[in-house]
Amino acid sequence: EFTEHFLCLLQSALASPTTALDQLPLYLSRQQTLAPHPKTSLINLFDKISETQPEQIAVVCGSGEYSYHWLQVRSNQIAQYLQQQGIKSGDKLAIELSSDIDAYQVLLATQRMGVSFIPVNTQWDNADREKALLTVKPAIVISETLHSDIEFNVVKLSDIPFSELTGPDRKS
């Protein structure tokens, strides 16, 4: 269901690229159906918007506004870093991030790579976090902090190389 809503949102954005995201529909009426996209993935739709409307604001988080181009570039940087760490399609990646914009960047990177993501609640205590990670056994954990108390490969998102974009790509 989430995928259908997101595809509806992306298709609406493609059809009306100057409309603000919060004004686009998430739901279809009973008479409407999604246009068929048999060979189009979620990330391909996102990249198409990024190519046709790079400066269009994709996400507003707090006081920051982030363009499609900014998210595309940043998610590519994260994906390249993860590939350099040996992460490949089919792997599992745990995400322990409290910032929405951080999560969007990493989620887009996982879509680019064909990697499954598992959200880890940042409010969990160490025992709950450890239990979840032992159950899932991710190849890597992306977090805001390094955890010396867990036995998994943990990477701080802020340690992933980042070429800062300014100007029309990121407005804060």
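Treat the numbers as computed from the prediction; the structure is a model and nothing was measured.

Some remarks on the environment of Q23
Stage number 1. Take Q23: it is sitting in the loop between α1 (2–15) and α2 (42–52).
Stage number 2. Classification of Q23 as exposed rests on a relative accessible area of 58%.
Stage number 3. Between the C-alpha atom of Q23 and that of A13, which follows or precedes it by 10 residues, the distance is 9.7 Å.

Remarks on the confidence of the model for the protein
Stage number 1. Taken residue by residue, the protein gives an average pLDDT of 81. The fraction at 70 or more is 77%.
Stage number 2. Low pLDDT, under 50, characterises residues 166–172; the predicted model gives this stretch 18 contacts beyond four residues in sequence or across chains.

Section: helix α3 (residues 68–84)
Stage number 1. Here α3 contains 17 residues, and its C-alpha end-to-end distance of 24 Å stays within 8% of the 24 Å for a straight helix at 1.5 Å per residue.
Stage number 2. Of all the positions in α3, only Y68, W70, L71, Q72, R74, S75, Q77, I78, A79, Y81 and L82 are classed as buried.
Stage number 3. Where α3 terminates, the next one or two residues include G86, which has phi positive at roughly 95 degrees.

Points about the packing of α2 against helix α4 (residues 100–113)
Stage number 1. Between α2 and α4, the least distance of the axes is 9 Å, while the angle of their chain directions is 115 degrees. Viewed along their axes, α2 and α4 form a crossing whose handedness is left-handed. Note on element contacts: α4 touches α2 through L108, Q111 and R112, opposite L42, I43, F46 and D47.

Topic: the side chain of R74
Stage number 1. In this structure, R74 sits in helix α3.
Stage number 2. Lacking a salt bridge, the buried R74 has D102 as its closest oppositely charged neighbour, with an N-O distance of 7.0 Å.
Stage number 3. A polar side-chain atom of R74 sits 2.9 Å from the main-chain carbonyl oxygen of P161.
Stage number 4. With residues up to four places along the chain from it excluded, the contact list for R74 reads Q105, L157, I160, P161 and F162.

A closer look at the pattern of salt bridges
Pairs can form between side chains of opposite charge whenever their charged atoms are close.
Stage number 1. According to the stated counting rule, one finds 3 salt bridges in the structure shown.
Stage number 2. A salt bridge links D47 to R112; the shortest N-O distance between them is 2.8 Å. On the criterion of sequence distance, the pair formed by D47 in helix α2 and R112 in helix α4 is long-range, its members being 65 residues apart.
Stage number 3. Under the relative-accessibility criterion, D47 is labelled buried at 13%.
Stage number 4. A relative accessible area of 22% places R112 in the partly exposed class.
Stage number 5. Between D91 and K88 there is a salt bridge; the shortest N-O distance is 3.5 Å.
Stage number 6. The exposed category is assigned to K88, whose relative accessible area is 51%.

Definitions and limits used
Every chain's residues receive numbers from 1 upward, in the order its sequence appears when written. Where totals are concerned, whole chains, interfaces and linings use all residues; where local detail is concerned, this predicted model gives features only for residues with pLDDT of at least 70, and gives and counts side-chain atom pairs only at 80 or more. Hydrogens are left out, water is left out, and the side-chain values use all remaining heavy atoms of the structure. Starting at the N terminus, helices and strands are each numbered in turn, a helix being any DSSP run of H or I of at least four residues and a strand any DSSP run of E of at least two. Think of it in three bands: with a 1.4 Å probe and only protein chains considered, a residue is buried below 20% of the maximum accessible area for its type, exposed above 50%, and partly exposed in between. pLDDT measures how confident the predictor is about each residue, on a scale from 0 to 100. We call two residues in contact whenever any of their non-hydrogen atoms come within 4.5 Å of each other. Helices are assigned an expected span. That span is 1.5 Å times one less than the residue count. In this analysis an axis means a line fitted to C-alpha atoms, helices contributing only their contacting stretch, and an angle means the value between N-to-C directions, from 0 to 180 degrees. Here is the rule for handedness: rotate from the far helix to the near one, and if that takes an anticlockwise turn smaller than a right angle the crossing is left-handed, while a clockwise turn gives right-handed. We treat Lys and Arg as the positive residues and Asp and Glu as the negative residues; His and chain ends play no part in the count. Salt bridges are counted wherever a side-chain nitrogen of Lys or Arg sits within 4 Å of a carboxyl oxygen of Asp or Glu. Residues adjacent in sequence count toward polar contacts only when both atoms are side-chain atoms; beyond that, a polar contact is any pair of N or O atoms within 3.5 Å, and within protein one must be able to donate a hydrogen and the other to accept it.

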